[in-house]
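Residue-level listing of the chains:
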Amino acid sequence: MSRACVIGSGPNGLAAAIVLAHAGLQVEVFEAEAEPGGATRTLPLTLPGFLHDFGSAVHPLAVGSPFFSTLPLGDYGLEWIHGDAPLAHPLDDGTAVVLERNLDDAGQALGADGRAWRSLMRSGIDHWKEFAEDAFAPPLVLPRHPLRMARFGLAAFQPAQMLAKTRFTTLRARALFAGLAGHSFLSFDQPLSSAIALVLGVAAHAVGWPIPRGGASAIPHALVSYLETLGGTVHTSRRIDAQALRELSCPLTLCDITPKQLIAIAGEQLTRGYRLLLEEFRHGLGAFKVDYALSDPVPWRAPECRRAITVHLGGTFEEIAASEHAVAQGRAAERPFVLVAQPTLFDPARAPKGKHVLWAYCHVPNGSTEDMTERIEAQIERFAPGFRDCVLARHVSSPAVLASMDANLVGGDVGGGAINVKQLFFRPTLRHYSTGTPNLYLCSASTPPGGGVHGMCGYHAAKLALRRMK
Ligand SMILES: Cc1cc2nc3c(=O)[nH]c(=O)nc-3n(C[C@H](O)[C@H](O)[C@H](O)COP(=O)(O)OP(=O)(O)OC[C@H]3O[C@@H](n4cnc5c(N)ncnc54)[C@H](O)[C@@H]3O)c2cc1C
């Protein structure tokens, strides 16, 4: 039986390992950190008994992943928990826009913009499986449903500012859309800033925005357990450097790492031209994150916020657009757009009885050293007066701290590289997974389809490697 090695055990590394093991290869995964999972890990960051998702928290892309959804992960401990609604977005008038899971209910709640919302989301929802297969495929591959993808592509390519202006008239629908577009890490005047908003919006209705019971770690734990039944092994606390890579002398190696690390580890095996292309690859904005241990649930002024696990803080479309624009211009925002997850409202075992955890982050320039703790708390307090009185402890993760916990989070970039028109196609080069060096492949979020917990980068990379082996 042939051997294969995977460097890194993030969701993409584990997905690649499973595809290779399914094909009968003897797979070994080497992970630098003490726990597998990469940016999908649950850690005791604050007080005893409080469990925090250090990276990803809410998983529409995992539950709706064309690959993960084919695996029996439920048999290996993965249980999804949904909130009453996928998302809430509070406003200064003391109310919140709630994105209902059911599309018709969502349309009704959005009043005058309900029809526009429904028509934007409908076709992806009715055909999620096919939509996801196309949306998570590498670019330049002919979609299975070209007409639907062409329609989606036309909307997705637009700057969020343009799409919101032409489709929505109400402050509430525009604010809701801004929160979704904020996940792009792009300024709203940039092309593609609508793309992730549309994917996440469609996913909210089609598959929901769930969390795994017990924390994000349940995803890699289930993947590792399943991999082990296929004969695969995961070695933790094994950082691979250039010498270790040589010593592995593996006939096939897939790397769940960024281009920067690939140069450091395998530079001598890469052609000069390919190395130069990798050096041009650009990372995206950084994240500044605070994890809280709380004595009570967040005292939202709008009670509807308690119906959702995810809450977007930033007010109107214009305010969120200004915040994202400032960051894209290299400045930390005074009133940042803050993404919040409140898992213990629906999964109480992650904190001692009656207590809660809260996950919050905002965007900052890549590698920023600015402390955003005060500004994040001011935004939470704005929509939940009295929040600070509930804080028992906090753990602050600057971009440097994030990168120290997972080397792929270069400068705090959570998506494995900037999303822009060039890097939609050149991710990290036009060859995508192939490095040009036989039997050495990239499979991290720095390859298509990019960031998020879906495993599809690993899946496509491993499939390509297997095709080439044959
Ligand atoms: C703060 C934050 C919030 C996020 N929120 C969400 C969310 O809510 N939902 C969502 O879908 N996504 C979210 N993401 C994004 C998501 O977590 C990532 O896109 C995803 O984890 C990428 O998977 P990956 O396998 O490509 O890389 P990673 O998960 O980063 O894994 C890479 C692994 O490789 C290891 N590694 C690196 N170098 C070496 C080496 N030399 N030797 C051995 N091992 C090595 C690392 O230690 C790491 O374990 C978030 C990320 C962060 C940081």
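Residues numbered from 1 in each chain as written. Predicted model: local features only at pLDDT ≥ 70, side-chain atom pairs only at ≥ 80, totals over all residues. Heavy atoms only, no water.

Novice: Whenever I open this one, the sheet that holds strand β2 (residues 26-30) confuses me. Can you help?
Specialist: With parallel pairing, five strands are arranged side by side in an open sheet as β9-β2-β1-β10-β16. Here the strands that pair on one side only, and so sit at the sheet edges, are β9 (233-235) and β16 (440-442). Looking at each pair of strands side by side, their axes are set apart by 20° on average, direction ignored. Pairing geometry for strand β10 (residues 253-255) and β16, over three bridges, is parallel. (Pairing = 2+ DSSP bridges. Helix = DSSP H or I, 4+ residues; strand = E, 2+ residues; numbered from the N terminus. Axes fitted to C-alpha atoms, helices over the stretch in contact; angles between N-to-C directions.)

Novice: In this structure, what is going on with the nonpolar core? I would like to understand it.
Specialist: One broad trend across soluble globular proteins is that nonpolar side chains are buried collectively. Counting residues in each nonpolar core, the largest one holds 110 residues, and the members touching the most others are Leu20, Phe68, Trp117, Phe177 and Leu254. Each of domain 1 (3-32 + 238-283 + 415-469) and domain 2 (80-211 + 285-405) contributes no fewer than three residues to this core. Ignoring anything within four residues of it in the chain, the contact list for Leu254 reads Cys5, Val6, Ile7, Ala16, Leu20, Tyr441, Cys443, Ala461, Ala462 and Ala465. (Core = buried A, V, L, I, M, F, W, Y, C linked by side-chain atoms within 4.5 Å. Buried < 20%, exposed > 50% of the residue type's maximum accessible area, 1.4 Å probe, protein only. Domains from an automatic or database assignment. Contact = heavy atoms within 4.5 Å.)

Novice: Which parts of the structure should I look at to understand unusual backbone geometry?
Specialist: What you tend to see is this: most non-glycine residues have negative phi, and most peptide bonds are trans. For the bond running from Arg427 to Pro428, omega is -10°, close enough to zero to count as cis. Its place among the elements puts Pro428 in the loop between α17 (421-425) and β16. Put simply, Pro448 and Pro449 share a cis peptide bond, and its omega is 5°. Secondary-structure assignment places Pro449 in the loop between β16 and α18 (456-469). The phi dihedral of Ser249 is positive, around 30°, even though this residue is not glycine. Structurally, Ser249 is set in the loop between α11 (242-248) and β10. The exposure class of Ser249 is exposed, given its relative accessible area of 53%. Its identity is not glycine, yet His432 carries a phi of approximately 55°, on the positive side. Mapped onto the fold, His432 is located in the loop between α17 and β16.

Novice: Where do I start with helix α14 (residues 317-328) in this structure?
Specialist: Three- or four-residue spacings in an α-helix give side chains the same orientation, since the helix completes a turn every 3.6 residues. Given a rise of 1.5 Å per residue, twelve residues ought to cover 16 Å, and the 16 Å separating the end C-alpha atoms of α14 matches this to within 8%. Looking only at α14, the buried set comprises Phe317, Ile320, Ala321, Ser323, Glu324, Ala326 and Val327. Of the surrounding elements, those touching the buried residues of α14 are β6 (85-90), α7 (160-167), α8 (171-181) and β14 (356-364). Just downstream of α14 lies Gly330, where phi reads positive at about 95°. (Expected span 1.5 Å × (residues − 1).)

Novice: I'm lost on the state of the cysteines in this one. Help?
Specialist: A disulfide bridge is the covalent bond that connects two cysteines by way of their sulfur atoms. On inspection of all chains with the given rule, the structure shows one disulfide. Across the disulfide, Cys5 is cross-linked to Cys250 (sulfur-sulfur distance 2.4 Å). Since a negative S-S torsion denotes a left-handed disulfide, the Cys5-Cys250 link at about 90° is right-handed. Taken as a pair, Cys5 in strand β1 (residues 3-7) and Cys250 in the loop between α11 and β10 lie far apart in primary sequence, 245 residues in all. Residues Cys5 and Cys250 agree in their burial class; the two are buried. Left without a disulfide partner, Cys390 is nearest to the cysteine sulfur of Cys305, which lies 14 Å away. The buried category is assigned to Cys390, whose relative accessible area is 8%. Distance from the sulfur of Cys443, which forms no disulfide, to the nearest cysteine sulfur (Cys255) is 7.0 Å. Judged by its relative accessible area of 0%, Cys443 is buried. (Disulfide = S-S within 2.5 Å.)

Novice: Teacher, can you tell me more about empty space enclosed by the protein here?
Specialist: Remark: the empty space left among the atoms is shown by a probe the size of a water molecule rolled over them. Per the stated rule, a full pass over the model turns up three cavities of 30 Å³ or more. By volume, the largest cavity is sized at about 60 Å³. Forming the boundary of the largest cavity are Leu277, Glu280, Phe281, Lys422, Gln423, Phe426, Pro428 and Thr429. Every element with two or more residues in the lining of the largest cavity is listed here: α13 (272-280) and α17. Class assignment for the residues of the lining of the largest cavity results in four nonpolar, two polar and two charged. Lining the second largest cavity are Leu51, His52, Asp53, Ala57, Asp291, Pro343, Arg350, Val357, Leu358 and Trp359. Those elements that provide at least two residues to the lining of the second largest cavity are β4 (52-53) and β14. Residue contributions to the lining of the second largest cavity peak at three residues, all from β14. (1 Å grid on protein atoms, 1.4 Å probe; cavity = no way out; pocket = protein on both sides within 12 Å on 5 of 7 lines; lining within 4 Å. Points joined across faces, edges and corners; volume = space filled by probe spheres on them. Nonpolar A, V, L, I, M, F, W, Y, C, P; charged D, E, K, R; others polar.)

Novice: Help me understand the site of the ligand, please; the structure alone is not making it clear to me.
Specialist: Around the ligand, the structure places 39 residues, and the nearest of them are Asn12, Glu31, Asp256, Asp406 and Gly452. Looking at the shell around the ligand element by element, the count peaks at three residues for helix α1 (residues 11-22). For the shell around the ligand, the class distribution of residues is 17 nonpolar, 15 polar and seven charged. For the shell around the ligand, the domains that each give at least three residues are domain 1 (3-32 + 238-283 + 415-469) and domain 2 (80-211 + 285-405). (Near = heavy atom within 4 Å.)

Novice: Any chance you could explain the packing of aromatic side chains here in plain terms?
Specialist: Any pair of aromatic rings gets described here by the distance separating the centres and the angle formed by the planes. In this structure the tally under the stated criterion is eleven aromatic pairs. Each ring, one from Trp117 and one from Phe168, has its centre 5.9 Å from the other, and the planes form 35°; the classification is tilted. Within this pair, whereas Trp117 is found in helix α4 (residues 114-126), its partner Phe168 is found in the loop between α7 and α8, the two being separated by 51 residues in sequence. With respect to class, Trp117 is no different from Phe168; both count as buried. Site record: aromatic cluster; members linked through ring pairs are Phe67, Phe68 and Tyr459. Of note, Arg174 hangs over the ring of Phe317, and the distance from its end group to the ring centre comes to 5.0 Å. (Phe/Tyr/Trp six-rings, centres within 6.5 Å; stacked < 30°, edge-to-face > 60°. Lys NZ or Arg CZ within 6 Å of the ring centre and 35° of its normal.)

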